[in-house]
Amino acid sequence: CADIESSQQRGLSTGENDLCISAMQQIVESAGYRFTVYSMSSWGDSVLPWKDIGWIASYPFNLNRDLFTHGHAWQFRSDQYFNGSYGKFDVSQLYDNFFTGGQNKNAVISNGDTHNVGKNTGKQQNQMNTTKNNANVNTTSDEDYAQNGAFTTNTTLNIRTAPSIDSSIVGSYAPNETLTYDHVYIKGQYVWLRYMSYSGSYHYVCAGIMGGAEYGTRTVNNNHYYTVHSGDTLSSIANRLGVSVSYLVAKNGISNANLIYTGETLKY
């Protein structure tokens, strides 16, 4: 499975990425392996053709319905806890047996069964905390979230080439400036926001310290976007995204469900 979400790939056109993926697919399949692509839902048809993405990552978790059923799997969260394990896990819903080597996937739990997964009882949680304390484990661990939104600074902040205070500084934001971020990283005690610069490279700004100072105000955008293509209908788009037509109509304030335009951007 090819993980495609780098700034270099984002800088290519959809057609160029499609050619690269096809070339890689031929090499992998000629060696006797199955091939698919893992990427973010927001990249579908904006960076990569939807037909190329077989494993779609899209948050936040929604128990009410399955999304992206046209693919092999939907990764619906990256922060799942399981009893007896430390740290957070990526969790996906499988829609076929592609990732199980052709074997029956009956062991896969449905979305409706996941709401009780990882809920620790008070006794279990106390035991886990005691174990951590006795082992002198640093509870501040590295994490990252596929989250996007806007951040307005309240002080001067350095712009860095990586989510680290040891990385190179390439500029700075003045107080009350706003940036649009597409990913959140927690590295040690620091919270970092990632954004795409005009040069096409990812840059990082420290938004604050875990449990401490905040260097600005952060808002989270839970919307994802789909660009209408020639031949699309609201019904075909709804089927592709795993939502209802009425949901898209309400979400986008559409007055005529039979009238959409090529190039139009829809929220979902």
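For clarity, every value in this text was computed on a predicted model and none was experimentally measured.

(A) Expanded view of the overall build of the chain. Of the regular secondary structure elements, the chain holds 5 helices and 16 strands. Within the chain, the proportion of its 268 residues that are buried is 35%. A sequence separation of at least 24 residues applies to 52% of the contacts in the chain between residues at least 6 apart.

(B) Expanded view of the sheet that holds strand β10 (residues 178–181). Within the open sheet, the 3 strands sit side by side as β10-β7-β14. Their pairing is antiparallel. At either end of the open sheet lies a strand with only one pairing partner, and these are β10 and β14 (216–221). Averaged over all neighbouring strand pairs, the angle between strand axes comes to 20°, with direction disregarded. In the sheet, strand β7 (residues 148–153) pairs with β10 via 4 bridges, with the strands oriented antiparallel. The residue bridging Phe 151 from the neighbouring strand is Leu 179, located in β10.

(C) Quick look at the side chain of Asp 232. Among the structural elements, Asp 232 can be located in the loop between β15 (225–227) and α4 (234–241). Other than its neighbours up to four places away in sequence, Asp 232 contacts Tyr 226, Thr 227, Ile 237 and Ile 260.

(D) Here's a closer look at the sheet that holds strand β5 (residues 89–94). Across the sheet, which stays open at both edges, the 5 strands sit in the order β1-β2-β3-β4-β5 with mixed pairing between neighbours. If you trace the sheet from one side to the other, it starts and ends with β1 (2–3) and β5, each paired once.

(E) Representation of the side chain of Ser 39. Looking at where Ser 39 falls in the secondary structure, it is placed in strand β2 (residues 37–40). Judged by relative accessible area, Ser 39 falls into the buried class, the value being 0%. Only 2.7 Å separates the side chain of Ser 39 from the backbone oxygen of Ile 4, close enough to count as a polar contact.

(F) Representation of the packing of aromatic side chains in the model. A complete count under the given rule lists 7 aromatic pairs for this structure. Ring geometry for Tyr 185 against Tyr 204: centres 5.9 Å apart, planes inclined by 65°, an arrangement best described as edge-to-face. Remark: Tyr 204 occurs in strand β13 (residues 202–209) and Tyr 185 occurs in strand β11 (residues 183–187); sequence separation between them is 19 residues. Taking relative accessible area as the criterion, Tyr 185 reaches 14% and is therefore assigned buried. On the basis of relative accessibility, which here comes to 9%, the residue Tyr 204 falls in the buried class. Here a set of aromatic residues connected by ring pairs shows up, and it is made of Tyr 38, Trp 55, Phe 98 and Phe 99. Of note, Arg 34 hangs over the ring of Phe 98, and the distance from its end group to the ring centre comes to 5.5 Å. Directly above the aromatic system of Tyr 202 lies the positively charged group of Arg 194, at a separation of 3.8 Å from the ring centroid.

Cut-offs used in this document
- Residues numbered from 1 in each chain as written.
- Predicted model: local features only at pLDDT ≥ 70, side-chain atom pairs only at ≥ 80, totals over all residues.
- Heavy atoms only, no water.
- Helix = DSSP H or I, 4+ residues; strand = E, 2+ residues; numbered from the N terminus.
- Buried < 20%, exposed > 50% of the residue type's maximum accessible area, 1.4 Å probe, protein only.
- Contact = heavy atoms within 4.5 Å.
- Pairing = 2+ DSSP bridges.
- Axes fitted to C-alpha atoms, helices over the stretch in contact; angles between N-to-C directions.
- Polar contact = N/O pair within 3.5 Å; in protein donor to acceptor, adjacent residues only side chain to side chain.
- Phe/Tyr/Trp six-rings, centres within 6.5 Å; stacked < 30°, edge-to-face > 60°.
- Lys NZ or Arg CZ within 6 Å of the ring centre and 35° of its normal.

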